[in-house]
Amino acid sequence: SADGAAAYLGGWFGAQAWTTSGAGAKIAAFAPVIRKSNNSSAGIVTALALTPDQQTLYLGGSDFYFVNGQTRLGAAAIDAATGANTLTFAPVISDTKDGDMYPQIYDIRLSASHVYLCGDWWTTEGVGEQDPNGRQRNLGRFDPLSGAADLGWLPWTDGGVQGCDLDLRNNVLIIGGHFDRTNGFTQTITNTLPTNDLAAIDLDNGGVLDWRPGTSGGESQLWAVTVADEIGELAQSFNKMSADL
């Protein structure tokens, strides 16, 4: 947390908060109920993002359906103090291909106006394909209150996005994962240039930039992405929003 008093953890146990002082005691007042579909097991949380005002905790996962009794498939927002209040943030994403049935969210990044989700899923508000050579969504940006998707910003990759980070100086989202192709002018991947697990997505139009450091491709994967000075840039972004208000 921004005040340094709490550390939020996510995993196979759902989400928990612990104090950062002394022995690091579990904070009992923070008790969200995150469940898998059709049973009482804890859902898996694989991504967390706390707003700078410390009021809202966004979470994403790979196997949960209910958050505090509310239907939330793969992504949700809760009150950061108690975790008991499920907020209205409810992106409509789905993954019914290959039999896994659940979208997977591996990373969450916040800007002053959007929540960026990065993971592995096929459709966003019904937009996407089941064609194995077609467009997988795998990333998108959403309204921070409602979770409504920005359908004018719909990049795609042909494999999952495990890590992402905002580079506000260059107005891009850097993504990493296990993909070989990103975006393109057709519905299939055959005519797109390779990006090999690492790409930069324009924040204005969702297009892929001609920046291709990449890896060797094939079975390689990237699982974490960090852009230098992210905290300072994000603080400036939120400060500007506050000034405008």
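Residues numbered from 1 in each chain as written. Predicted model: local features only at pLDDT ≥ 70, side-chain atom pairs only at ≥ 80, totals over all residues. Heavy atoms only, no water.

**Q** Just checking my understanding: could you explain the pattern of salt bridges for this structure?
**A** As a working rule, side chains carrying opposite charge can pair if their charged atoms are close by. The final tally for this structure, using the stated rule, is four salt bridges. Two residues, D165 and R109, come together in a salt bridge whose shortest N-O distance is 3.6 Å. You can see D165 sitting in strand 14 (residues 161-167) and its partner R109 sitting in strand 10 (residues 104-110), a full 56 residues away along the chain. You can call D165 buried: its relative accessible area is 0%. Look at R109 and you get buried, because its relative accessible area is 16%. Across the pair D150 and R141 runs a salt bridge whose closest N-O atoms are separated by 2.8 Å. In the salt-bridge network here, residues are joined through shared partners; they are D107, R109 and D165. (Salt bridge = Lys/Arg side-chain N within 4 Å of Asp/Glu carboxyl O. Helix = DSSP H or I, 4+ residues; strand = E, 2+ residues; numbered from the N terminus. Buried < 20%, exposed > 50% of the residue type's maximum accessible area, 1.4 Å probe, protein only.)

**Q** Would you explain the nonpolar core in this entry?
**A** Across soluble globular proteins, nonpolar side chains show a tendency to be buried alongside one another. Counting residues in each nonpolar core, the largest one holds 15 residues, and the members touching the most others are Y58, F89, I105, I108, V115, L117 and F142. Beyond its immediate chain neighbours, meaning those up to four positions away, I108 contacts A47, L48, A49, Y58, L59, G60, V115, Y116 and L117. Counting residues in hydrophobic clusters, the runner-up holds 13 residues, among them C118, C164, I175 and I201. (Core = buried A, V, L, I, M, F, W, Y, C linked by side-chain atoms within 4.5 Å. Contact = heavy atoms within 4.5 Å.)

**Q** Sorry if this is basic, but what is going on with the side chain of T123 here?
**A** Mapped onto the secondary structure, T123 falls in strand 12 (residues 123-124). Residue classification places T123 among the buried residues on the basis of a relative accessible area of 11%. Only 2.3 Å separates the side chain of T123 from the side chain of S94, close enough to count as a polar contact. (Polar contact = N/O pair within 3.5 Å; in protein donor to acceptor, adjacent residues only side chain to side chain.)

**Q** Hey, could you run me through the packing of aromatic side chains in this one?
**A** We describe a pair of aromatic rings using the distance from one ring centre to the other and the angle between the two ring planes. As enumerated under the stated definition, the model contains five aromatic pairs in all. Ring geometry for Y65 against F66: centres 5.0 Å apart, planes inclined by 65 degrees, an arrangement best described as edge-to-face. Classification of Y65 as partly exposed rests on a relative accessible area of 29%. Here Y106 and W223 contribute two aromatic rings whose centre-to-centre distance is 5.5 Å and whose plane-to-plane angle is 70 degrees, an arrangement assigned as edge-to-face. Highlighted residues: Y106 in strand 10 and W223 in the loop between strand 16 (198-202) and helix 1 (230-244), separated in sequence by 117 residues. Y106 gets classed as partly exposed once you look at its relative accessible area, which sits at 21%. (Phe/Tyr/Trp six-rings, centres within 6.5 Å; stacked < 30°, edge-to-face > 60°.)

None of the figures reported here should be taken as evidence of function without further support.
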